[in-house]
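Now for the letters of each chain:
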Amino acid sequence: MNALNDITILKIGGSIITDKDADDGAPNNSEIKRIAGEISKHHGKLIVVHGAGSFGHPQAKKYALNKKFDAKGALITHISVKALNHIVVESLANAGIDAIGVHPMGSTVSGDGRIAQMFIENIHLMLDNGFIPVLHGDVVMDTKLGTSILSGDQIVTYLAMQLGSARIGIGSAKDGVLDDKGDTIAAITSSNFKDIKQYIGGSESTDVTGGMLGKVVELVRLCEMSNINSRIFNAGTSGNVSRFLDGANIGTVITK
Ligand SMILES: Nc1ncnc2c1ncn2[C@@H]1O[C@H](COP(=O)(O)OP(=O)(O)O)[C@@H](O)[C@H]1O
Ligand SMILES: [Mg+2]
């Protein structure tokens, strides 16, 4: 891993930028526009990763892509999430941001569902030259499975490790990771995670990548491997993306 640096990685969940209960791609245009506006106020190196929401999860589920290879289903899912990426990038551009869509299918090879290789030299150069790369959850080629689903959450942790990013934010639809009473858990560590795990579940909507538990498992693993902290917060609350980018301690921190 590189030394910790000033690159921020922000993930915006498909639960925020799409209607996740729809059967097929339904963008949440007003939320995309609001979040683009909040991102546009940020100065500094930033990578945006977004989820697929209804532009990927229902399609992946329909073709059972997490259970078997299906060429047609993989294509339909990839084309759909690419369409969402186009909408997000266009909205960022309208807010004055030099955003560039980077599709994992074209740059990543996984092995049994985990990233084995990702070409990131372009991402380094984009950041050095003032662009904001915008990646997304995708279907990627997989040495064991033919194709596999790559979650935006896994992309975040992979890039954080490779780039040594010091600030990771996961914007989703709840105020953080909630306990059994619905209160936001302030901090998750590798030692309290085994007790807290029982309160964390999958998604209430269609999500083939593990919902909240999938995120926390990724982020606890990141922390154990790299000492990099991350935050899960509610990106559906107006101003929260700005607050995170400005350095506020909102939501749940995942820390060592
Ligand atoms: N303990 C928990 N705290 C917060 N959310 C939880 C918890 N357990 C399950 N969830 C569900 O996980 C969802 C977040 O995962 P997901 O739908 O995959 O979000 P995203 O679209 O941002 O990836 C929440 O909206 C909620 O439905
Ligand atoms: Mg998800």
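Below: a short report on this structure.

Calculation notes
- Residues numbered from 1 in each chain as written.
- Chains lettered and ligands numbered in written order.
- Predicted model: local features only at pLDDT ≥ 70, side-chain atom pairs only at ≥ 80, totals over all residues.
- Heavy atoms only, no water.
- Salt bridge = Lys/Arg side-chain N within 4 Å of Asp/Glu carboxyl O.
- Helix = DSSP H or I, 4+ residues; strand = E, 2+ residues; numbered from the N terminus.
- Buried < 20%, exposed > 50% of the residue type's maximum accessible area, 1.4 Å probe, protein only.
- Near = heavy atom within 4 Å.
- Polar contact = N/O pair within 3.5 Å; in protein donor to acceptor, adjacent residues only side chain to side chain.
- Areas by Shrake-Rupley, 256 points an atom, 1.4 Å probe, with all protein chains shown as cover.
- Nonpolar A, V, L, I, M, F, W, Y, C, P; charged D, E, K, R; others polar.
- Expected span 1.5 Å × (residues − 1).
- Axes fitted to C-alpha atoms, helices over the stretch in contact; angles between N-to-C directions.
- Parallel < 35°, antiparallel > 145°, perpendicular 65-115°, else oblique.
- Contact = heavy atoms within 4.5 Å.
- Pairing = 2+ DSSP bridges.
- Left-handed = near helix turned anticlockwise from the far one by under 90°.

For the rest of this paragraph, the subject is the pattern of salt bridges. Within the structure shown, the criterion is met by 10 salt bridges. Glu38 is the salt-bridge partner of Arg34, the closest N and O atoms lying 2.8 Å from each other. Of the two residues, Arg34 and Glu38 are both situated in helix 2 (residues 29-40); the distance of 4 residues between them amounts to about one turn of the helix. On the accessibility criterion, Arg34 (18% relative accessible area) is buried. Its relative accessible area of 9% is what places Glu38 among the buried residues. Several salt bridges converge on common partners, so that one network encompasses Lys11, Asp153 and Lys215.

As a further point, take the site of ligand 1. Near ligand 1 there are 21 residues, and of these Lys20, Ser172, Ser203, Asp207 and Lys215 occur at the shortest range. The separation between an oxygen atom of ligand 1 and a polar main-chain atom of Ser15 is 2.9 Å. Separating a nitrogen atom of ligand 1 from a backbone N or O atom of Gly201 is a distance of 2.9 Å. If ligand 1 stood free it would expose 570 Å²; the protein chains cover 92% of that surface. Elements with a contribution of two residues or more to the shell around ligand 1: helix 1 (14-17) and helix 8 (211-226). Ranked by the residues each element gives to the shell around ligand 1, the list is headed by helix 8, at 3 residues. Here the shell around ligand 1 is composed, by residue class, of 6 nonpolar, 9 polar and 6 charged.

The end-to-end C-alpha distance of helix 8, which contains 16 residues, comes to 23 Å, matching closely the 22 Å that a straight helix rising 1.5 Å per residue would cover. Inspection of helix 8 places Gly211, Met212, Gly214, Lys215, Val216, Glu218, Leu219, Val220, Leu222, Cys223 and Ser226 among the buried residues, and these make up the whole buried set. Once helix 8 ends, the next one or two residues include Asn227, with phi positive near 70°.

Contact geometry of helix 6 (residues 152-163) with helix 8 gives a least axis separation of 9 Å together with a crossing angle of 10°. Classified by the angle between their axes, helix 6 and helix 8 sit roughly parallel to one another. In this structure, helix 6 contributes Asp153, Gln154, Thr157, Ala160 and Met161 to the contact, and helix 8 contributes Lys215, Glu218, Leu219, Leu222, Met225 and Ser226. Partitioned by chemical class, the residues of the contact of helix 6 with helix 8 number 5 nonpolar, 3 polar and 3 charged.

Once that is clear, we can look at the pairing of strand 6 (residues 132-136). As a general feature of sheets, a regular strand has side chains that alternate between the two faces. Taken across its 5 residues, strand 6 has 5 buried, putting it largely inside the fold. Two strands pair when backbone bridges link them, and strand 2 (residues 46-50) and strand 6 are joined in this way by 3 bridges, in the parallel orientation. In the strand pairing of strand 6, His50 is matched with His136.

This part covers the packing of helix 2 against helix 4 (residues 71-94). For the pair helix 2 and helix 4, the least separation of the axes is 8 Å and the interaxial angle reads 45°. By the angle class used here, helix 2 and helix 4 are oblique. Considering only the axes of helix 2 and helix 4, their crossing is right-handed. Seen from helix 2, the contacting residues are Asn29, Ile32, Lys33, Ala36 and Ile39; seen from helix 4, they are Leu84, Ile87, Val88, Ser91 and Leu92. Per-class residue counts for the contact of helix 2 with helix 4 are 7 nonpolar, 2 polar and 1 charged.

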